[in-house]
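# Descriptive analysis of the structure
Here is what each chain is made of, one letter per residue.
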Amino acid sequence: MADVEVVGAEIADGRVKTLRVRFKHTPERVIDRATGLAWLADGHSLLTYAGPAHHAERGHAIERVEVDGEAFLRTDTKPIAMDELRFPTAHH
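Criteria and cut-off values
By convention here, each chain's residues receive numbers from 1 onward along its written sequence. Confidence filtering applies because this is a predicted model: local features only for residues at pLDDT of at least 70, side-chain atom pairs given and counted only at 80 or more, and all residues used for totals across whole chains, interfaces and linings. Only hydrogens and water are set aside when side-chain values are computed; all heavy atoms of the structure are taken into account. Aromatic rings from Phe, Tyr and Trp, taking only the six-membered ring of Trp, are treated as a pair when their centres fall within 6.5 Å; an angle between ring planes under 30 degrees marks them as stacked, one over 60 as edge-to-face, and anything in between as tilted. The helix count covers DSSP runs of H or I at least four residues long, the strand count covers runs of E at least two residues long, and both are numbered beginning at the N terminus. Here's how the labels work: a residue is buried when its accessible area is under 20% of the maximum for its type, exposed when over 50%, partly exposed in between, all with a 1.4 Å probe on protein chains only. Definition used for salt bridges: Asp or Glu carboxyl oxygen within 4 Å of a side-chain nitrogen of Lys or Arg. Should any heavy atoms of two residues lie within 4.5 Å, those residues are considered in contact.

Tallied over the full model, the rule gives 1 aromatic pair. Ring geometry for Phe23 and Trp39: centres 5.9 Å apart, planes at 50 degrees, overall tilted. Residue Phe23 is found in the loop between strand S2 (15–22) and strand S3 (29–32), and its partner Trp39 is found in helix H1 (residues 33–41); the two are separated by 16 residues along the sequence. Residue classification places Phe23 among the partly exposed residues on the basis of a relative accessible area of 26%. A residue is classified by how much of its surface remains accessible, and Trp39, at 15% relative accessible area, is buried.

Here you go:
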């Protein structure tokens, strides 16, 4: 299983549209919400990060939270039917 660094997200109307991700020592790439949810279901860890790769600050893990049978991406475990991601504040 991989630790996936999530360095940004496009969120609109309470839903993640895309996630900017990277693996250690690789360039960033963009995935969609469905891929992020699938990776979590497959056992990968999605972790929020801020800052450049060589000085990145780790934040919270992204959890797959089920509400009324629907999955959401959250950095907390609150049973709220919307995606909610909090990223650390990068210090340079």
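Further remarks concern the pattern of salt bridges. If you walk through the whole model with that rule in mind, you get 9 salt bridges. Asp83 serves as the salt-bridge partner of Arg33, at 2.7 Å between the closest nitrogen and oxygen. With Arg33 in helix H1 and Asp83 in the segment after strand S6 (70–74), the pair connects residues that are 50 residues apart, well separated along the chain. We classify Asp83 as buried; its relative accessible area is 2%. With its nearest N and O atoms 2.7 Å apart, the salt bridge here joins Arg74 to Asp76.

Time to look at the environment of Ala61. Position of Ala61 relative to the elements: it lies in strand S5 (residues 57–67). Taking the C-alpha atoms as reference points, Ala61 and Arg74, 13 residues apart in sequence, are found 8.4 Å from one another. In contact with Ala61, not counting residues within four places along its chain, are Leu46, Leu47, Arg74 and Thr75.

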